[in-house]
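Commentary on secondary and tertiary structure
For reference, the chains in residue letters:
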Amino acid sequence: MIRFDSVTKTYPDGTVAVDSLSLEAPSGKITVFVGPSGCGKTTSLRMINRMIDPTAGTIWLDDKDTSQLPATELRRQIGYVIQHAGLFPHRTILDNIATVPYLLGWDKKKARSRALELMERVGLPTHFAKRYPVQLSGGQQQRVGVARALAADPPVMLMDEPFSAVDPVVRDQLQEEFLRLQSELGKTIVFVTHDIDEAIKLGDQVAVLRVGGHLAQLASPAELLNEPVDAFVAGFVGRDRGYRALGFSTAGTLSTRDEETVRLGADIPSGSSDGWLLVVDDQAEPQGWLRLDSIPAGSSTVTDAILHRGGTLARQGGSLRSALDAALSSPTGRGVVVDGDGRLVGSVTASQVLELIEGREQVRT
């Protein structure tokens, strides 16, 4: 548990970066700091491991006043991940990850064994071990940064916009990997981002800060979307917060329709009920849609090259948002629903999902 008790940071020129901040980051949960530039997100984060010292107030790590702990001892208990990974360019990936274990006096064999284990855990091939940071992509470097922060198995992790410097596709992959790791490890994490969508996706609780380091609202993602405390929070969260709130409402078992399908690699059929066929692989996992009236001349079999992609998949028992998005993004207007193993269940239309949403709203009122 990390607790801020009336923590203030004022710089010599009179600038107040953080003003009387009081909140608690529960053990084993992800607390996200989010807000506009100049709201004190990173300053608050860095005061936890005393890279910046508070002007007033107290930060507690469990029952310990962090100001009473030697800074080096404190930092070795806390994993720290920054935006551009901050790797040592002259060290191999393996030795970058093993940095903190080396500092803690681990023997080299044990430290490197731990580093190899973590490479696999964060999704890095172990044959990258002898490479140097410059030989890795930005997303791969961020994975190394996360592995390094986890190397000594610290109970607390601080993450300062760790995924903001990579492209959207890689960022989404890193977020998913991060959530998977957290489900296994249960660390106490304080995460800084300027992206409200990232905050809502990753946080168990979200702290929205105003300029000047004032806490505007501390709430779960669902509460933040449904019940913003004032106009500032409502504006920062965004006009489409009602749609995003559907991500926290379970759709339940959707009533789906059967879809006409064709196997990837099979001969192209001569027709269908509406000119569209859903293409699946040998495991019955959806691959895309085939539009029979726009097949390139000379094509005789169903290949990846002639499929219409773009539609997202909704999982049976998933959220209302994923079900609605699957229907709205599908080229046919029918969202593809899969089971927990990714196999086809059927399809659902946007009107069906909207009827389900409307029915629940009527029950609530």
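Before going into details, it helps to say that this report is about the structure given with it.

About the cut-offs
- Residues numbered from 1 in each chain as written.
- Predicted model: local features only at pLDDT ≥ 70, side-chain atom pairs only at ≥ 80, totals over all residues.
- Heavy atoms only, no water.
- Pairing = 2+ DSSP bridges.
- Helix = DSSP H or I, 4+ residues; strand = E, 2+ residues; numbered from the N terminus.
- Axes fitted to C-alpha atoms, helices over the stretch in contact; angles between N-to-C directions.
- Salt bridge = Lys/Arg side-chain N within 4 Å of Asp/Glu carboxyl O.
- Buried < 20%, exposed > 50% of the residue type's maximum accessible area, 1.4 Å probe, protein only.
- Parallel < 35°, antiparallel > 145°, perpendicular 65-115°, else oblique.
- Left-handed = near helix turned anticlockwise from the far one by under 90°.
- Contact = heavy atoms within 4.5 Å.
- Nonpolar A, V, L, I, M, F, W, Y, C, P; charged D, E, K, R; others polar.

Turning next to the sheet that holds strand E9 (residues 205-210). The strands that make up a sheet are held in pairs by hydrogen bonds between backbone atoms, and each pair lies either parallel or antiparallel. Overall, mixed pairing links the 6 strands, which are arranged E6-E7-E8-E3-E9-E10 in an open sheet. The strands lining the two open edges of the sheet, one partner per strand, are strand E6 (78-81) and strand E10 (214-219). Neighbouring strand axes in the sheet, compared pairwise and without regard to direction, differ in orientation by 15° on average. Note: strand E3 (residues 30-34) against E9, 4 bridges, orientation parallel.

Under the definition given, this model contains 21 salt bridges. With a closest N to O distance of 4.0 Å, Glu177 and Arg143 form a salt bridge. Of this pair, Glu177 sits in helix H7 (residues 168-185) while Arg143 sits in helix H6 (residues 138-150), and the two are 34 residues apart along the sequence. For the pair formed by Glu177 and Arg143, the shared burial category is buried. A salt bridge links Asp230 to Arg210, with the shortest nitrogen-to-oxygen separation between them at 2.3 Å. Of the two residues, Asp230 sits in the loop between helix H9 (221-226) and helix H10 (231-237) while Arg210 sits in strand E9, which places them 20 residues apart along the sequence. Judged by its relative accessible area of 24%, Asp230 falls in the partly exposed class. Residues joined in a network through salt bridges with shared partners are Arg121, Arg143, Glu177, Arg180 and Glu184.

With that settled, the discussion passes to the packing of H6 against H7. Two numbers describe how H6 lies on H7: the axes approach to 10 Å, and their chain directions differ by 20°. By the angle between their directions, the pair H6 and H7 is classed as roughly parallel. Judged by the twist between their axes, the crossing of H6 over H7 is right-handed. Together, Gly139, Gln142, Arg143, Val146 and Leu150 of H6 and Val170, Gln173, Leu174, Glu177, Leu181 and Leu185 of H7 make up the contact between the two elements. Residue composition of the contact of H6 with H7, grouped by class: 6 nonpolar, 3 polar and 2 charged.

Moving on: the sheet that holds strand E12 (residues 276-280). Taken together, 3 strands build an open sheet; the order of strands is E11-E12-E13 and the sheet is mixed. Across the chains shown, the open sheet's two edge strands, defined by having one partner strand only, are strand E11 (261-263) and strand E13 (286-291). Each strand of the sheet is rotated relative to its neighbour by a mean of 35°, with strand direction disregarded. Of the pairings in the sheet, the one linking E11 to E12 comprises 3 bridges and is parallel in character. Bridged to Arg263 within E12 is Val280.

So, on to the environment of Ser255. On the secondary structure map, Ser255 appears in the loop between helix H11 (241-245) and E11. Given a relative accessible area of 56%, Ser255 falls into the exposed group. Along the backbone, Ser255 and Val337 are 82 residues apart, and their C-alpha atoms lie at a distance of 9.9 Å. Not counting residues up to four positions away in its chain, the partners in contact with Ser255 are Ser347, Val348 and Gln352.

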